[in-house]
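# Analysis of the macromolecular model
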Amino acid sequence: MAADGGGSAPSASLALPCAYSPAPRRQYLAVCARDGRLRIWDADGGGSGGKPRQEYAPSARLSAACSCVAWGPCRTSKEGPQRKKRKSEAGQAVEQSDLLALGTAAGTVLIYSTVKGDLHCTLDGGHSGGVNSIQWHPEDSLLYSGSDDTHIVEWDLQTGKTRCKWKADRAAVTSLSVSPDGKFLLSAGMTIKMWDLETKEMYRKFTGHATTITTLCFATNRPPDSNGLYFVSGAAHDRLLSVWQVRSDGKDKNAVVSFTLTDEPQHIDLQTSNSKDEAVRLAVVCKDGQLHLFEHFLNGPGKKPLSPVCSVQVSSVGGKGEGDVPVPVPLLATTLCADKQNLILAYGNHLQPVIEKMPINTTERHVCLIRDLHTTLSLSVDAAVSKVKTPIVNEQKSKVLIPGLPGHKAPIRANSSQPEKRKQGSSLSVSGGKGGDKGASSSLQTDSFAVLLVQGLESKDSQILNVIQWLKAVLTQHTSYLSSLPDLVSQLGLLYHMIETRVKLYHQLTRLHGKLYLLMTQVLKQDPFFLFYLSVISALLHSFLIGCRGHLPVSQQN
């Protein structure tokens, strides 16, 4: 979940880490897939909206899955190649979103640069547990990360090293948020704490959620001593968003306002309020795939929970076997445009999301967008993005090379008149003498299914051709069915996680098996040195247990 370009860990649901680039441009949408790849999409609602821009696969993706993502603040950089410019162009620069922070389950933070298309740096050594949330400082070159190790780390991006580290909670730190002025930091696990970033001391503590807090974001840009500083929080399995007021007298133990939802929040975007006369605008994507819009003036406690001014849902028609019955399509993320008249939606699946710009119409409480996604959600490769080039092959002059049969041209006919010459220790047949390639050859190799299929195609074997046609029909039918499923990524993601976990455990079990095998081998051999080594270890363990027993109460020593 994210708010204003920030990043936090996904909830217990199947939501993937995703974040829009910061205001005011909202150019890109970054999505971290379950295969460890980072994909960046153009978020422009019109024109190029929904087209892939960049894709990056970290080398350590199998051992360090991405757990959260956050865009850095916009910075001034020159676009295009570096070249000499005219004096009239010398002062022209463009503010764009460049750096992107990726938190991993291994405790490291990867800083990715969209300008370079590669890693900018890697921040490691700060956490001993997985990173759950990342927040950038709005002005300084600082980054804050919260982890399962219950600590918060302040990173210096100029040096790439830890600047400060402190214990934030007794439980894991699941969400962070930096105030718009960069003076305070909110952290959450089971409780919410506000920290003074100058002294790193706790400024205030808030309690009220029964489950793990997954969402934090400041709602106003005012000093805390003016009683005008508010922030929003959400928790797992909670259908309410709570608004808290930071009071100067310290009487802020309970939430002042609540927003009602249809399910727990997954993605949040918020436009802050700078004065009492300016309303806070909030867009929330819930676990059930619906979007809820809220608009409220924060000026003290409210009497009852507030309902959304508008709810948006997307449905699809036109799929095979579905007829005209609308099928719900989940919303993935949303962001409010700077003009306050539109918002950008991302829906469908994370593998190829559909991005659309939609005008805000608060006159209708419920809006259902009907879209034909049967062809839109089908997987395709953009030629401008793909680096794979298909070569042009002249079939008449081409030669098929098969593993095990170098320089082979089918069909091969056995010739018993020519003796076979084989190299010692090798199974590859070679021709002897001049013109040997016309007569000398080997029999067909059927030890590989791929080789057998290629040989069958070249020799036009009717039985093998029938098998290939059957395989083509089966694969076409299954792939067409899978491409029509909107939740394909989430379903296959569970399978991928299970396989990845078993692979990790397999390597550990293999090492353990080797050590146990070595141990049992030495015991069976009755190696005197090894038996003496085991007796020493046994004596040390025995003395250690006796010492531990002496420190236990009398009632527990037995």
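Values in this document were obtained by computation on a predicted structure and should not be read as measured data. (Residues numbered from 1 in each chain as written. Predicted model: local features only at pLDDT ≥ 70, side-chain atom pairs only at ≥ 80, totals over all residues. Heavy atoms only, no water.)

### Some remarks on the overall build of the chain
What counts is decided by this rule: Helix numbers and strand numbers start at the N terminus; a helix is a DSSP run of H or I with at least 4 residues, a strand a run of E with at least 2. Whether a residue is buried, partly exposed or exposed follows from its accessible area with a 1.4 Å probe, protein chains only, as a fraction of its type maximum: under 20%, in between, or over 50%, in that order. In what follows, residue pairs with any heavy atoms lying within 4.5 Å of each other are defined as contacts. For every accessible area listed, the method is Shrake-Rupley and the probe measures 1.4 Å; residues are considered covered only by the protein chains on display.
When you go through the chain residue by residue, the secondary structure sums to five helices and 34 strands. Expressed as a percentage of its 558 residues, the buried residues of the chain come to 41%. Within the chain, contacts between residues separated by at least 24 positions form 47% of all contacts whose residues are at least 6 apart in sequence. Surface accessibility of the chain: about 31,900 Å² in total, with carbon and sulfur atoms responsible for 55%.

### As for the sheet that holds strand β16 (residues 175-178)
Going by this rule: Each pair of strands is called paired provided DSSP finds at least two bridges between the two strands. Note on geometry: axes are lines fitted to C-alpha atoms, helical ones only across the stretch in contact, with angles between N-to-C directions running from 0 to 180 degrees.
Across the sheet, which stays open at both edges, the four strands sit in the order β16-β17-β18-β19 with antiparallel pairing between neighbours. The open sheet has two free edges, formed respectively by β16 and β19 (201-206), since each of these has just one partner strand. With strand direction ignored, the average angle separating the axes of adjacent strands in the sheet is 20°.

### Some remarks on the pattern of salt bridges
Defined as follows: The rule for a salt bridge is simple: a side-chain nitrogen of Lys or Arg has to be within 4 Å of a carboxyl oxygen of Asp or Glu.
The final tally for this structure, using the stated rule, is seven salt bridges. We note a salt bridge from E55 to R39, for which the minimum N-O separation is 3.5 Å. In this pair, E55 is assigned in strand β5 (residues 52-56) and R39 in strand β4 (residues 38-42), connecting sequence segments 16 residues apart. Between E154 and K200 there is a salt bridge, and its shortest N-O distance comes to 3.6 Å. One end of the pair, E154, is in strand β14 (residues 151-156); the other, K200, is in the loop between β18 (192-196) and β19, and 46 residues separate them in sequence. Assigned by exposure class, E154 and K200 land together as buried. A single network of salt bridges, built from pairs that share partners, joins R37, R39 and E55.

### Looking at the packing of aromatic side chains
Heads up, the condition is: For Phe, Tyr and Trp, rings pair up if their centres lie within 6.5 Å, where Trp contributes its six-membered ring, and each pair is then called stacked (planes under 30 degrees apart), edge-to-face (over 60) or tilted (otherwise).
Scanning all chains against the criterion turns up nine aromatic pairs. Ring centres of F259 and F294 lie 4.8 Å apart, and the angle between their planes is 40°; this geometry places the pair in the tilted category. Residue F259 is located in strand β23 (residues 257-260), and its partner F294 is located in strand β26 (residues 291-296); the two are separated by 35 residues in the primary sequence. This pair shows no difference in class: F259 is buried, exactly as F294 is. Among the aromatic residues, those joined into a ring-pair cluster are F206, F218, F231 and W244.

### Overview of the side chain of H292
Our working definition: Between N or O atoms, a polar contact is any pair within 3.5 Å; within protein, one atom must be a potential hydrogen donor and the other a potential acceptor, and residues adjacent in sequence are included only when both atoms are from side chains.
Along the chain, H292 turns up in strand β26. Side-chain polar atoms of H292 contact the side chain of S311, separated by 2.9 Å. If we ignore the near neighbours within four places in the chain, the residues touching H292 are L261, T262, L282, A283, V284, C286, P308, C310 and S311.

### Quick word on the pairing of β18
Of all five residues making up β18, four are buried, and the element is well covered by its neighbours. Inspection of the sheet shows strand β17 (residues 184-188) paired to β18 by five bridges, in the antiparallel sense. Residue L186 lies in a different strand from β18, and its bridge partner there is M194. Once β17 ends, the chain turns through three residues before running back antiparallel as β18. Bridge analysis of β18 against β19 gives five bridges, and the strand direction is antiparallel. If you follow D196 over to β19, its bridge partner there is E201. Hairpin connection, β18 to β19: the antiparallel pair is bridged by four residues, and K200 has positive phi, about 60°.

### Overview of the side chain of S175
Take S175: it is sitting in strand β16. Note on S175: relative accessible area 1%, which makes it buried. A distance of 3.4 Å separates the side chain of S175 from the backbone nitrogen of L216, its partner in a polar contact.

### Notes on the sheet that holds strand β21 (residues 229-235)
Strand order in the open sheet formed by four strands is β20-β21-β22-β23, with antiparallel pairing between adjacent strands. Of all strands in the sheet, those with a lone pairing partner are β20 (213-218) and β23, marking the two edges. Neighbour to neighbour, the strand axes of the sheet diverge by 20° on average, direction disregarded. Where strand β22 (residues 240-246) lies against β23, four bridges are found, and the strand directions are antiparallel. Across the sheet, the residue bridging to V243 is V257, located in β23.

### A few points about the environment of C337
Relative to the helices and strands, C337 is located in the loop between β29 (331-336) and β30 (342-347). You can call C337 buried: its relative accessible area is 9%. Excluding residues within four positions of it along the chain, C337 makes contact with Q271, N342, L343, I344 and K357.

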